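Coordinate inspection notes
Residues per chain are reported as follows:
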Amino acid sequence: MFEFSVGSVLSIVFVLGVVLVSAAMLIWVERRFLGFFSERLGPNRVGPFGVLQSIADVGKLITKEDWIPPFADKYTFVIAPIVVPVVMLLSFAVIPFAPGVGVMDLNIGLLWIFAMAGLGAYSAMLGGIASNNKFALLGGLRAAGQMISYEVFMGISILGVVMLGNSFNMRELVEAQKDGWFVLPQFVGFIVFVIAGLAETKRWPFDLAEGESEIISGFNTEYSGMKFGLFFVGEYIGMFLLAMLIPVLFFGGWLAPFGWDIGPPLVSGLLWMTIKTTFWIVFFILVRAALVRPRYDQLMNYGWLVMLPLSLLNLLITGAVVLYQGS
Amino acid sequence: MSVLFYASAFVSVLATLMAITRINVVHALLYFIVSLIALSVIFYTLGAHFAAALEVIVYAGAIMVMFLFVIMMLNLGKPTEEQERVWLKPGMWVGPSLLAAPLLVELVVMISGAKAQTQAGVINAKDVGIALFGPYVLAVELASLLLLAGLVGAYHLARK
Amino acid sequence: MFKAIGKQLYVLWSQVVTLALVFMHLFKKKDTVEYPDVMPYMFPRWRGRIILTRDPDGEERCVACNLCAVACPVDCIALQKTEDENGRWYPEFFRINFSRCIMCGFCEEACPTHAIQLTPDFEMAEYVRQDMVWEKQHMLIQGTGKYHDYNFYKIAGKAIGGKGKGEARNELPPVDRRSLLP
């Protein structure tokens, strides 16, 4: 019970702790890195190097007035921000952190993540429609269209990985990458997955659902206090999830590159997972700092005219190769 | 497992009832989503893991989002709620319910008479795929034809 | 077809170049001045806290002409003129509401006697809003501000106690228009 194995209490507590602490720290890390990328220092006043900034932020959000607009649909308004953090946390249940570290070993692990991501779309939509505000409604519409569209390409792009790994189980997918990471045979799928994943988490440059300059703050225009904070935290958990999903699917998860194992498998796995996840988190922050937001028609055109044919072609070729090698 | 099954079945039936009786469309839709998720849990308890995941991905994650999308576009306000309220008067639903009641009784009798279904084991994605492209290939082809027709039709309408 | 593919590849490549260029900023020197720890250099002409200055003799420069109050675009200056026994004008009260002031410097430009001046000080936050209303005793300093030897009454032709007409600096005595002498 108190040793590291999939589903043990220690494992669950570890995963939950890592995810929540990381999501909170990401608020600070992201702002600090954004500062560095634009030649500023970022928040560095609260605690050493500003590490306690997240606590200050949460304190501010909790003590703020939690206002429900009188014209809003009250129940839906309250439910909407709860959906996204819950769903994102549930997604972490199937993520393999290291050999023996994880909440559950589901044989439909990848589909579980997609199911949860599909439910995550409700958060923005319900927030948008419950606010009874035209900007919020526009944000909700944009979120719905964007997430539905990009979920399609995201799903198709990882089917190549599923074919190569011959499983939906995340741990088996990682184990299947012992001989070589899937990023090389699945490079097109990898590119499509990263772009679609960014759009799916509504992160920059695909933050059209928020679009501060055009529709104020989109679906969370009317939200304040910790309700807004839940949207905020949910977004960061989603970013963390994506930063762990990409290594698991394409970069060998906990496996060390070139056999650079350090210590026992547990320590080595956790270390390499941390390194890979950190790399992708910094990459997402860099993308936020560097790229500009496309127009909505550009987003949709890019999705349906470029990403969909690319991912279908990738699926077709991978299937053909797997079939040829199998026969 | 049977406790899980009955709990989720209860949730599913209750949520569907609530979905029918809600006056606000968004609330009805929320209950319907809950009902779908409960159904997916039932699938999981029966061993159909792949179907359970698809239930959430396709129905709750995509089709219901599309419903909500359309509701957002339609600008349903107070008049729709009034209409809905009129429809929920007993005069509107007593007749059909009385006609449907014997069917429900028959269903209950049939189910209680049937032998308990034994656990068929876990049905994984491979079994589903073989079933789809083996015995049911005609149905799959027909469905794909229908979807293609829908796609072409939507493309044609959108071009105007 | 191939043109479209080429365009997409170009688009992707241009995004990658952008990412690389922005990433290089990580290693550049930061522009931030850590203000409360390190005071930034404030230029002498910075338009900050408003002061009232005195002339080199130690008298108030302000002659209560109200030009600053007229020039003020947000109407934050209020003053009342009075005279001393020598006929010298000065403000009875001089009040600036700094919660309204936009530090535009129009009052300084309007002032004919260099009395009202803006300084490089900008740290003026208060906890009580009423504390943002400053009276004359808060703003009047003992020095001459930016203009050290300007003394309005020594230059102006106005007669006050202790100084008749024509006795100001660079001023000729008044012409006796009844005399025929050159």
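Residues numbered from 1 in each chain as written. Chains lettered and ligands numbered in written order. Predicted model: local features only at pLDDT ≥ 70, side-chain atom pairs only at ≥ 80, totals over all residues. Heavy atoms only, no water.

**Regarding the overall build of chain A**
Our working rule: The helix count covers DSSP runs of H or I at least four residues long, the strand count covers runs of E at least two residues long, and both are numbered beginning at the N terminus. We compute the radius of gyration over the C-alpha atoms and compare it with the globule rule, which gives 2.2 Å times the number of residues raised to the power 0.38. Burial status follows relative accessibility: with a 1.4 Å probe on protein chains alone, a residue under 20% of its type maximum counts as buried, one over 50% as exposed, and anything between as partly exposed. Should any heavy atoms of two residues lie within 4.5 Å, those residues are counted as being in contact.
When helices and strands are tallied, chain A shows 11 helices and 0 strands. Listing every helix and strand of chain A by position from the N terminus yields α-α-α-α-α-α-α-α-α-α-α. Computed over C-alpha atoms, the radius of gyration of chain A comes to 20 Å, within 12% of the 20 Å expected from 2.2 N^0.38 for 327 residues, which places it in the range of a compact globule. With respect to the principal axes defined by its C-alpha atoms, chain A has extents near 65 × 45 × 40 Å. The proportion of buried residues among the 327 residues of chain A is 57%. Put simply, 77% of the contacts in chain A that link residues at least 6 apart link residues at least 24 apart.

**Quick notes on the packing of helix α10 (residues 265–290) of chain A against helix α1 (residues 2–24) of chain C**
Two quantities define a packed helix pair, namely the angle between the helix axes and the distance between the axes. What counts, and what does not: In this analysis, axes come from line fits to C-alpha atoms, helices being fitted only over the stretch in contact, and the angle between any two N-to-C directions falls in the range 0 to 180 degrees. For classification purposes, an angle smaller than 35 degrees is called roughly parallel, one larger than 145 roughly antiparallel, one from 65 to 115 roughly perpendicular, and anything else oblique. Residues are grouped as follows: Ala, Val, Leu, Ile, Met, Phe, Trp, Tyr, Cys and Pro are nonpolar; Asp, Glu, Lys and Arg are charged; every other residue, Gly included, is polar.
α1 of chain C packs onto α10 of chain A with a crossing angle of 100° between their chain directions and a minimal axis gap of 9 Å. Of the possible angle classes, the one that applies to α10 of chain A and α1 of chain C is roughly perpendicular. When α10 of chain A is examined against α1 of chain C, the residues Phe283, Leu286, Val287, Ala289 and Ala290 of chain A are found in contact with a partner set consisting of Thr18, Leu19, Val22 and Phe23 of chain C. Among the residues forming the contact of α10 of chain A with α1 of chain C, the class breakdown is 8 nonpolar, 1 polar and no charged.

**Some details on the side chain of Thr201 of chain A**
Tracing the sequence through the fold places Thr201 of chain A in the loop between α7 (187–200) and α8 (212–215). Ignoring anything within four residues of it in the chain, the contact list for Thr201 of chain A reads Glu235, Gly238, Met239 and Leu242 of chain A.

**Remarks on the layout of surface pockets**
As a reminder of what qualifies: In this analysis the probe radius is 1.4 Å and the grid spacing 1 Å, with only protein atoms considered; a cavity is a set of points the probe fits into but cannot get out of, a pocket is an open set with protein on both sides within 12 Å along at least five of seven lines, and lining residues have an atom within 4 Å of a point. Grid points are joined across faces, edges and corners, and a volume is the space filled by probe spheres set on the points.
Here the second largest pocket defines a volume of roughly 1700 Å³. Taken together, 43 residues line the second largest pocket, and the ones lying closest to its centre are Ile195 and Tyr302 of chain A together with Gln8, Val11 and Leu12 of chain C. Taken together, the elements giving at least two residues each to the lining of the second largest pocket come down to α7, α10 and α11 (296–326) of chain A together with α1 of chain C. Among the elements that take part in the lining of the second largest pocket, α1 of chain C stands out by supplying 11 residues, more than any other. Here the lining of the second largest pocket is composed, by residue class, of 37 nonpolar, 4 polar and 2 charged.

**Considerations on the sheet that holds strand β2 (residues 77–83) of chain C**
All names here are of chain C. Under the convention used in this document: Only strands joined by at least two bridges in the DSSP assignment are considered to pair.
Taken in spatial order, the 3 strands make up an open sheet running β2-β3-β5, and their pairing is antiparallel. Each edge of the sheet is formed by a strand with only one pairing partner; in this case those strands are β2 and β5 (133–134). Pairing analysis gives 2 bridges linking strand β3 (residues 89–97) to β5, with the strands arranged antiparallel. The partner of Asn97 across the bridge, within β5, is Val133.

**Observations concerning the arrangement of the chains**
Take the 2 pairs of chains in contact: the one carrying the most contacts is chains A and B. Nowhere do chain B and chain C come into contact; their C-alpha atoms are at least 20 Å apart.

**Some words on the interface of chain B and chain A**
Put simply, the rule reads: Buried surface area refers to the total accessible area, computed with a probe of radius 1.4 Å, that the two partners give up upon joining, counted for both partners together. Counted as a polar contact is a pair of N or O atoms within 3.5 Å, where, for protein atoms, one must be capable of donating a hydrogen and the other of accepting one, and residues adjacent in sequence contribute only when both atoms are in side chains.
Counting residues at the interface gives 25 residues for chain B and 25 residues for chain A. When the two sides are added together, the surface that chain B and chain A hide from each other amounts to roughly 2100 Å², 82% of it contributed by carbon and sulfur. Of all residues in chain B, Ile57, Val65 and Met72 of chain B bury the most surface against chain A, accounting for 28% of the area lost on that side. For the pair chain B and chain A, the interface holds 6 residue pairs in polar contact (both at pLDDT 80 or more). At the level of secondary structure, the elements contributing two or more residues to the side of chain B that touches chain A comprise α2 (25–45) and α3 (49–74) of chain B. With 16 residues, the single largest contributor to the side of chain B that touches chain A is α3 of chain B. Across the side of chain B that touches chain A, the residue classes tally to 21 nonpolar, 4 polar and no charged.

**Examining empty space enclosed by the protein**
Residue and element names in this part refer to chain A. Applying the stated criterion across every chain, the model contains 4 cavities of 30 Å³ or more. The calculated volume of the largest cavity comes to roughly 100 Å³. For the largest cavity, the full set of lining residues is Met88, Ser91, Ile113, Ala117, Met154, Gly197, Glu200, Thr201, Gly238, Leu241, Leu242 and Leu245. Looking at the lining of the largest cavity, the elements with two or more residues in it are α3 (74–91), α4 (109–130), α7 and α9 (225–250). Looking at the lining of the largest cavity element by element, the count peaks at 4 residues for α9. Partitioned by chemical class, the residues of the lining of the largest cavity number 7 nonpolar, 4 polar and 1 charged.

**Side note on the pattern of salt bridges**
All names here are of chain C. Here is the rule we go by: Put simply, a salt bridge is a Lys or Arg side-chain nitrogen that is within 4 Å of an Asp or Glu carboxyl oxygen.
Under the definition given, this model contains 20 salt bridges over all chains. A salt bridge links Lys81 to Glu83, with the nearest nitrogen and oxygen atoms 3.2 Å apart. One salt bridge in this structure joins Arg95 and Glu135, with 2.7 Å as the shortest N-O distance. Linking Arg95 in strand β3 with Glu135 in the loop between β5 and α4 (136–139), this pair joins segments that are 40 residues apart in sequence. For Arg95, a relative accessible area of 33% translates into the label partly exposed.

**Looking at α9 of chain A**
This is how it is decided: In this analysis, the expected span of each helix is defined as 1.5 Å times one less than the number of residues it contains.
When the terminal C-alpha atoms of α9 of chain A are compared, their 38 Å separation across 26 residues agrees well with the 38 Å that a helix rising 1.5 Å per residue should span. Burial analysis of α9 of chain A places 21 of its 26 residues in the buried class, the great majority of the element.

**What to know about a nonpolar patch on the surface**
All names here are of chain B. Where we set the bar: Patch definition: residues with relative accessible area over 30% and no salt bridge; like charges joined within 9 Å; nonpolar side chains (Val, Leu, Ile, Met, Phe, Trp, Tyr) joined within 5 Å. Computed with a 1.4 Å probe, the accessible areas rest on the Shrake-Rupley method; for each residue, only the protein chains presented here act as cover.
A cluster of nonpolar side chains, namely Leu132, Phe133, Tyr136, Val137, Leu138, Leu142 and Leu145, defines an oily patch on the protein surface of about 750 Å² accessible area. Listed by contribution, the elements that provide at least two residues to the nonpolar patch are α6 (125–133) and α7 (137–159). Residue contributions to the nonpolar patch peak at 4 residues, all from α7. Considering the arrangement of structural elements, one finds Leu145 in helix α7. Assessed through its relative accessible area of 56%, Leu145 is described here as exposed.

**A few points about the confidence of the model for chain B**
Residue and element names in this part refer to chain B. Convention followed: Confidence of the prediction at every residue is given by pLDDT, a number between 0 and 100.
In the predicted model, chain B carries a mean pLDDT of 85, and the fraction of residues at 70 or more is 95%. Per-element confidence in chain B ranges from a low mean pLDDT of 80 for helix α4 (residues 78–87) to a high of 91 for α7. Across the interface, the model reports ipTM at 0.84; the global pTM reads 0.82.

**Brief notes about the interface of chain A and chain C**
On the side of chain C, 16 residues touch chain A, which itself brings 16 residues to the contact. Summed over both partners, the interface of chain A with chain C comes to about 1500 Å²; 67% of that surface belongs to carbon and sulfur atoms. Among the residues of chain A in contact with chain C, Phe37, Glu39 and Leu41 of chain A are the three that bury the most area, contributing 38% of the side total. The salt bridge partner of Asp37 of chain C is Arg45 of chain A, with a shortest N-O separation of 3.3 Å. The interface formed by chain A and chain C includes 5 residue pairs in polar contact (both at pLDDT 80 or more). Ranked by residue count, the leading element in the side of chain A that touches chain C is α10 of chain A, at 5 residues. For the side of chain A that touches chain C, the class distribution of residues is 12 nonpolar, 1 polar and 3 charged.

**Concerning the state of the cysteines**
Put simply, the rule is: Here, two cysteine sulfur atoms that lie within 2.5 Å of each other are counted as a disulfide.
As enumerated under the stated definition, the model contains 0 disulfides over all chains in all. The cysteine Cys72 of chain C is free of any disulfide, with Cys76 of chain C supplying the nearest cysteine sulfur at 3.6 Å.

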